[in-house]
Amino acid sequence: MRNAIKASHRIVEVPASNIKKEITKVLHDKGYIQNYKFEEEGPQGTIKIALKYNPSTKQNAIVSLSRISKPGLRKYVKHEDLPRVINGLGIAILSTSKGVMTDKEARTEGIGGEVLCYVY
């Protein structure tokens, strides 16, 4: 997705997984992507994501998308230590025991989890 943003693509296709589907739903709910569609052909399926651009300046809604928790080094936080991305202007996407949610939702729920990525 980062490569598609830098290349100014309108639509990006990614291989589907349950965690990617949940992250896509969170990005759509928070207004970072325009639309998405799950296609179930083949053994894995794909996710088609329509990226969101400003019509006048042609700038993408996602300025930066950085992965935090990696397979070699997982990053877990307690609910007291939830990160604030750009002092609350961006979002951190977390995988919690109650599903994938943003840092603001996890703060209101009072639960921590694995920090997947920062988006702003």
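Residues numbered from 1 in each chain as written. Predicted model: local features only at pLDDT ≥ 70, side-chain atom pairs only at ≥ 80, totals over all residues. Heavy atoms only, no water.

- By the naming in an unreviewed UniProt entry, the protein chain is Small ribosomal subunit protein uS8, taken from Mariniradius saccharolyticus AK6.
- Looking at the Function (unreviewed entry) heading of the UniProt record, one finds this comment for the protein chain: "One of the primary rRNA binding proteins, it binds directly to 16S rRNA central domain where it helps coordinate assembly of the platform of the 30S subunit."
- Quoted verbatim from the Sequence similarities (unreviewed entry) field of the UniProt record, the comment on the protein chain reads "Belongs to the universal ribosomal protein uS8 family." (UniProt positions renumbered as here; feature names shortened; annotations may be inferred.)

### Description of the side chain of Ser69
- Among the secondary structure elements, Ser69 is positioned in the loop between β4 (65–67) and β5 (76–77).
- Within the local environment of Ser69, its side chain forms a polar contact with the side chain of Glu114, the two groups lying 2.6 Å apart.
- Residues contacting Ser69, with those up to four places away along its chain left out, are Arg74, Lys75, Glu114, Val115 and Leu116. (Helix = DSSP H or I, 4+ residues; strand = E, 2+ residues; numbered from the N terminus. Polar contact = N/O pair within 3.5 Å; in protein donor to acceptor, adjacent residues only side chain to side chain. Contact = heavy atoms within 4.5 Å.)

### Re the pattern of salt bridges
- Counting across every chain of the model gives 9 salt bridges.
- Lys37 is the partner of Glu39 in a salt bridge, and the nearest nitrogen-oxygen pair spans 3.9 Å.
- Take Glu39: its relative accessible area is 16%, and that puts it in the buried class. (Salt bridge = Lys/Arg side-chain N within 4 Å of Asp/Glu carboxyl O. Buried < 20%, exposed > 50% of the residue type's maximum accessible area, 1.4 Å probe, protein only.)

### Observations regarding the domain arrangement of the protein chain
- The domains assigned to the protein chain are domain 1 (1–61) and domain 2 (64–119).
- The C-alpha centroid of domain 2 is placed 20 Å from the C-alpha centroid of domain 1.
- Listed per partner, the contact involves 9 residues of domain 1 and 14 residues of domain 2.
- Across the domain 1/domain 2 interface, buried area totals approximately 910 Å², and carbon plus sulfur atoms make up 78% of it.
- Contact with domain 2 buries surface across domain 1, with Arg2, Val26 and Tyr32 losing the most and accounting together for 47% of the total.
- Where domain 1 touches domain 2, the interface holds 1 salt bridge.
- Between domain 1 and domain 2 we count 1 residue pair in polar contact (both at pLDDT 80 or more) in total.
- For the side of domain 1 that touches domain 2, a count of residues per class yields 6 nonpolar, no polar and 3 charged. (Domains from an automatic or database assignment. Buried area = accessible area lost by both parts, 1.4 Å probe. Nonpolar A, V, L, I, M, F, W, Y, C, P; charged D, E, K, R; others polar.)

### Examining helix α2 (residues 18–29)
- The first and last C-alpha atoms of α2 sit 17 Å apart over 12 residues, in line with the 16 Å expected at 1.5 Å per residue.
- Buried within α2 are the following residues: Lys21, Ile23, Thr24, Val26 and Leu27.
- Its buried side turned inward, α2 meets β2 (33–39), β3 (46–51), β6 (91–96), β7 (99–102) and β8 (113–119).
- Positive backbone phi, approximately 85 degrees, marks Gly31, located one or two places after α2. (Expected span 1.5 Å × (residues − 1).)

### A few points about unusual backbone geometry
- At Ser8, a residue that is not glycine, the phi angle is positive and equals roughly 60 degrees.
- Inspection of the secondary structure puts Ser8 in the loop between α1 (2–6) and β1 (11–15).
- Even without being a glycine, Asn87 presents a positive backbone phi close to 55 degrees.

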